[in-house]
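One-letter residues, chain by chain:
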Amino acid sequence: MTSTVTEVFRRRAEPGAALADDADVIAAACHAMAVRFHRGGRLFTFGNGAAATDAQHVAVEFVHPAIVGKRALPALSLTADIATLTGICAGPGFEDVFAHQIRCLGGPDDMAFGISPDGRCGNVLRGLETARGLGMLTVALTGGDGGALAGAAGHLVAVRSADPRVVKEVHVTAYHMLWELVHVFLEQPEVLNREVVA
Amino acid sequence: MLYPFLHAGGADLDTLMEDVRRSTKDKVGDIVRLRETVLEEHGADLTACAARMADAFRSGGRLFTFGNGGSSTDAQDAAALFLNPGGSARPLPALALTNDAAVVTALSNDVGFEVVFARQLAAFGRPGDIALALSTSGNSDNLIAALREAARRGMVTVGLAGYTGGQMAETPGPHHLFVVPSSSVHRIQEAQTTIYHALWELTQEAL
């Protein structure tokens with residue numbers, strides 16, 4: 001296969017535009033996240049490989065907003081502590097690397113945000129299941145048909161592409177929107193006591 | 001106004017939900033169009049830059065990536081993609097200069113944050129290596145200093161910026177500069193992710 005720059009960009013167009021179809025899911029997830037932040041909940045983000053850098057990007061977005069005047073919100077990437085990561089991998093194992101941290105750090109008011117471009121990362125799945133067991137809100141970004149993550153998260157955005165790099169690019173737009181819209185809801189506390197009708 | 005009910009007394013949830021849905025659709029449209037603009041403005045230079053990077057790797061060059069905040073995560077993603085691409089793609093030597101908290105805090109504490117990347121390039125950089133600087137504003141002092149250090153060492157210099165390119169666009173500037181013409185930090189970062197993915201894919205293709 002020969003890739004030209006035009007072909008590389010063309011491959012992004014359709015999955016990029018299709019994110020608009022998830023506007024309902026994104027809006028509902030943001031409302032639910034704003035409710036949790038309003039109650040003092042914290043956001044834990046996690047993923048493997050490229051998605052580990054996305055997890056850190058999401059965390060810094062909330063902790064230190066690039067838009068002046070937006071309040072700092074508590075968010076922590078479970079990929080950032082290399083001592084803990086390598087410690088868990090050397091002990092219980094890689095499958096437990098996020099679940100362990102969620103068990104120790106998380107509580108029922110908190111939120112888990114898992115990113116897996118193909119939906120098949122076992123440790124992300126286990127992290128979400130553990131979070132759900134604790135009563136946490138669960139949000140997942142995935143690709144393709146959502147894979148095993150499809151049933152594991154309360155709010156799920158699945159990017160319909162098999163190219164992990166295209167999926168990642170659409171995820172970046174999705175989490176930028178999530179950050180922005182969480183603040184829209186947080187700035188209207190009177191809507192945070194209301195249920196979203198799906 | 002984008003979110004009119006933020007300023008009215010007492011928001012109505014249904015209306016707010018409809019507003020945020022429309023905002024998502026509008027911004028999705030913005031990034032799709034922005035990528036088209038980037039291709040029109042930079043397509044030829046992206047191909048040329050990837051050919052130059054492939055030449056550098058062929059001659060034993062290594063890639064160093066760096067940025068601040070959200071762009072530091074992109075720098076780490078770019079380095080990891082070159083180093084460990086998976087599948088049949090060829091792994092290439094790449095290092096993100098934000099990975100090591102000991103080095104970053106030592107330099108910031110002892111000298112200053114503006115040297116945090118330049119000093120690492122002084123330690124690691126050789127002629128023929130590649131420096132990839134990622135910034136949304138194009139104005140970060142530590143990136144400008146690092147690009148200058150890289151140029152002094154005979155490295156290939158590549159810059160990603162937004163808005164109108166900021167200081168990064170001032171002469172002499174990097175060998176390849178990709179300015180994403182947008183004033184939204186978020187849309188700039190989304191287009192930059194596509195740019196470094198394209199550079200990786202075209203570099204693999206050229207090798």
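Rules used in this analysis
- Residues numbered from 1 in each chain as written.
- Chains lettered and ligands numbered in written order.
- Predicted model: local features only at pLDDT ≥ 70, side-chain atom pairs only at ≥ 80, totals over all residues.
- Helix = DSSP H or I, 4+ residues; strand = E, 2+ residues; numbered from the N terminus.
- Buried ≥ 20, exposed ≤ 12 C-beta atoms within 10 Å, placed from the backbone.
- Contact = placed C-beta atoms within 7 Å.
- Expected span 1.5 Å × (residues − 1).
- Pairing = 2+ DSSP bridges.
- Axes fitted to C-alpha atoms, helices over the stretch in contact; angles between N-to-C directions.
- pLDDT = per-residue confidence, 0-100.
- Right-handed = clockwise from strand over helix to strand, strands pointing away.
- Nonpolar A, V, L, I, M, F, W, Y, C, P; charged D, E, K, R; others polar.

**A few points about the overall build of chain A**
Each helix and strand in chain A was counted, giving seven helices and five strands. The N-to-C order of helical and strand elements in chain A reads α-α-β-α-β-α-α-β-α-β-β-α. Seen through its principal axes, chain A has C-alpha atoms that stretch 50 × 45 × 35 Å. The buried share of chain A, taken over its 198 residues, is 56%. The long-range share in chain A, meaning contacts at least 24 apart out of those at least 6 apart in sequence, stands at 69%.

**Some thoughts on helix α2 (residues 23-38) of chain A**
With 16 residues, α2 of chain A extends 22 Å between its outermost C-alpha atoms, agreeing within 8% with the 22 Å of an ideal straight helix rising 1.5 Å per residue. Turning to α2 of chain A, the residues buried within the fold contact β3 (111-116), β4 (137-143), β5 (155-159) and α7 (164-186) of chain A together with α1 (13-58) of chain B. Within two residues after α2 of chain A, Gly40 of chain A carries a phi angle of roughly 100 degrees, on the positive side.

**Regarding helix α6 (residues 122-133) of chain A**
Residue and element names in this part refer to chain A. In a regular helix each residue adds 1.5 Å, so twelve residues correspond to 16 Å; α6 covers 16 Å between its end C-alpha atoms and thus fits that length. Along α6, the residues that are buried comprise Asn123, Val124, Leu125, Gly127, Leu128, Glu129, Thr130 and Ala131. Where the residues of α6 are buried, they touch β1 (43-47), α5 (97-105), β3 and β4. One or two residues past the end of α6 sits Gly135, with phi positive at roughly 90 degrees.

**Overview of the sheet that holds strand β2 (residues 94-96) of chain B**
Residues and elements named next belong to chain B. Ordered by their spatial adjacency, five strands build an open sheet running β2-β1-β3-β4-β5, and the pairing between neighbours is parallel. At either end of the open sheet lies a strand with only one pairing partner, and these are β2 and β5 (176-180). Strand-to-strand twist across the sheet, computed as the mean angle between neighbouring axes with direction ignored, equals 15 degrees. Pairing analysis gives five bridges linking strand β4 (residues 156-162) to β5, with the strands arranged parallel. Counterpart to Gly162 in the pairing with β5 is Val180. Packed onto the sheet, helix α5 (residues 141-152) meets β1 (63-67), β3 (130-134) and β4 and runs at close to 165 degrees relative to β3.

**What to know about the confidence of the model for chain B**
Per-residue confidence for chain B gives a mean pLDDT of 95; residues scoring 70 or more make up 95%. Taken over the whole predicted complex, pTM reads 0.95, whereas the ipTM for its chain interfaces reads 0.93.

**Focus: the pairing of β1 of chain A**
Residues and elements named next belong to chain A. Buried residues dominate β1, accounting for five of its five residues. Because side chains alternate across β1, one face comprises the buried residues Leu43, Thr45 and Gly47, and the other comprises Phe44 and Phe46, equally buried. The sheet contact formed by β1 and strand β2 (residues 75-77) spans three bridges and is parallel. From the neighbouring strand, Leu43 faces β2, where its bridge partner is Ala75. Viewed along the sheet, the connection from β1 through helix α3 (residues 50-63) into β2 turns out right-handed. For β1 and β3, the ladder comprises five bridges, and the chain directions are parallel. Within β3, the residue paired with Leu43 across the bridge is Met111.

**Here's the deal with the interface of chain A and chain B**
A common way to express how large an interface is: the accessible area buried when the components associate. Contacts between the two partners involve 41 residues from chain A and, on the opposite side, 38 residues from chain B. Mapped by element, the contributors of at least two residues to the side of chain A that touches chain B are α1 (5-18), α2, α3 and α7 of chain A. By residue number, the principal contributor to the side of chain A that touches chain B is α7 of chain A, which donates nine residues. Residues that form the side of chain A that touches chain B fall into these classes: 20 nonpolar, twelve polar and nine charged.

**Section: the pairing of β3 of chain B**
Residue and element names in this part refer to chain B. Burial analysis of β3 places five of its five residues in the buried class, the great majority of the element. The pairing of β1 with β3 spans five bridges and is classified as parallel. Looking at β3, one finds that Thr65 is bridged to Leu132. Direction of pairing for β3 relative to β4: parallel, over a ladder of five bridges. Within the sheet, the bridge partner assigned to Ala131 lies in β4 and is Thr157.

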